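Listed below are the residues making up each chain.
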Amino acid sequence: MDAVLRHRMRWSESTAPQAEGNTTGRSAAAAADPVLRAQALTLEYRTPDRVVRATHEVDFSVQEGDRFVLLGPSGCGKSTLLKAVAGFVQPAAGRILLDGKQVERPGADRVVVFQEFDQLWPWLTVRQNIAFPLRQARGLSRKEAAQRAEHYLDKVGLARFADAHPHTLSGGMKQRVAIARALAMRPRILLMDEPFAALDALTRRRMQQELLELWEDAPFTLLFVTHSIEEALLVGNRILLLSPHPGRVRAELNSPRAGLHARDNPAADAEFQAQARRIHRLLFDEDEPGSAPAAHEEKR
Ligand SMILES: Nc1ncnc2c1ncn2[C@@H]1O[C@H](COP(=O)(O)OP(=O)(O)OP(=O)(O)O)[C@@H](O)[C@H]1O
Ligand SMILES: [Mg+2]
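Criteria and thresholds
- Residues numbered from 1 in each chain as written.
- Chains lettered and ligands numbered in written order.
- Predicted model: local features only at pLDDT ≥ 70, side-chain atom pairs only at ≥ 80, totals over all residues.
- Pairing = 2+ DSSP bridges.
- Helix = DSSP H or I, 4+ residues; strand = E, 2+ residues; numbered from the N terminus.
- Axes fitted to C-alpha atoms, helices over the stretch in contact; angles between N-to-C directions.
- Near = placed C-beta within 6 Å.
- Nonpolar A, V, L, I, M, F, W, Y, C, P; charged D, E, K, R; others polar.

## A short note on the sheet that holds strand E6 (residues 110–113)
Here is step 1 of the chain: With mixed pairing, 6 strands are arranged side by side in an open sheet as E6-E7-E8-E3-E9-E10. Each edge of the sheet is formed by a strand with only one pairing partner; in this case those strands are E6 and strand E10 (249–254). Across the sheet, the mean angle separating the axes of adjacent strands is 20° when strand polarity is ignored.
Here is step 2 of the chain: Sheet analysis places strand E3 (residues 67–71) next to strand E8 (residues 222–226), joined by 5 bridges and oriented parallel.

Structure representation (structure tokens):
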């Protein structure tokens, strides 16, 4: 509950977009040390004949309880950024700090949910899929792991399917299990790479809503990758816009969503649409009609 209040305080006090590092007008909680910090992060892939630069000197900070979204066109390095935070890709330059400590390898404090439906172990039941990493990585007893698995399965509405095997579930159900498994680990930061992109439009919308409800129920810190402007605005409270390949920070914005039901509110909806148009202009390098883009919002 504290985290929800803290988050709401921060939201209400930072509705005007601010460049990163500018804490003026932010609450004391928001000015606290970030959970995650990327500093001048350049990421590259080295193949025998060439070097592919995926991101160039990217900076951002994720505060506790943020739903921080990386948004940009295909190939701008979003997945690579997430993999670097997860510890799968080492920076060519710059660094990543988790609670002030440099990320050097994967760890149970960062759990990733991917887009693919096949991220569950097919030979284990749904309950076992969640309990197994709890025993391995978190050292829980068999009983504790099963209890925690059931708690999180209940949270995603799949308690009845605890003994089912993944191949008997729909894509949406599999993603719910993957989310339950990730949350059950209680990571310091939950990493999601387009987790709903392979779902049909209705299921995708429902899953976005469910993710927000899970967050409202027990706030966690989220780093979420998408190339959908609408999804970024629905899911995120902070949005980092990345330019096309290689990804550089284009701008950092707040989402105008005041809560789960903002879209029921016509005024909030108008603000939502306005912010979506603004992001579109920023991503596609178009000028704001009648005015230059807000200088304090631009990173470069
Ligand atoms: N294993 C790899 N080896 C070489 N180049 C790679 C590798 N993985 C990604 N790249 C390149 O790095 C760049 C960034 O890729 P990345 O997958 O991070 O983009 P993305 O923003 O996640 O795109 P999408 O929205 O399509 O998922 C692209 O140019 C891509 O071709
Ligand atoms: Mg990707």
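The discussion continues.
## Re unusual backbone geometry
Here is step 1 of the chain: Cis rather than trans, the peptide bond between His 245 and Pro 246 has omega equal to -10°.
Here is step 2 of the chain: When you line up the elements, Pro 246 lands in the loop between strand E9 (238–242) and E10.
Here is step 3 of the chain: Despite not being glycine, Arg 186 has its phi angle at roughly 50°, a positive value.
Here is step 4 of the chain: Structurally, the position occupied by Arg 186 is in the loop between helix H5 (171–184) and strand E7 (189–193).
Here is step 5 of the chain: In this model, Glu 194 sits at a positive phi of 45°, which is unusual for a non-glycine residue.
Here is step 6 of the chain: Within the secondary structure, Glu 194 sits in the loop between E7 and helix H6 (201–217).

## Focus on the site of ligand 1
Here is step 1 of the chain: Taken together, the neighbourhood of ligand 1 is formed by 14 residues, with Tyr 45, Ser 74, Lys 78, Ser 79 and Thr 80 sitting nearest.
Here is step 2 of the chain: Mapped onto the shell around ligand 1, the elements with two or more residues apiece are strand E2 (51–62) and helix H2 (78–86).
Here is step 3 of the chain: Of the residues assigned to the shell around ligand 1, the class counts are 4 nonpolar, 9 polar and 1 charged.

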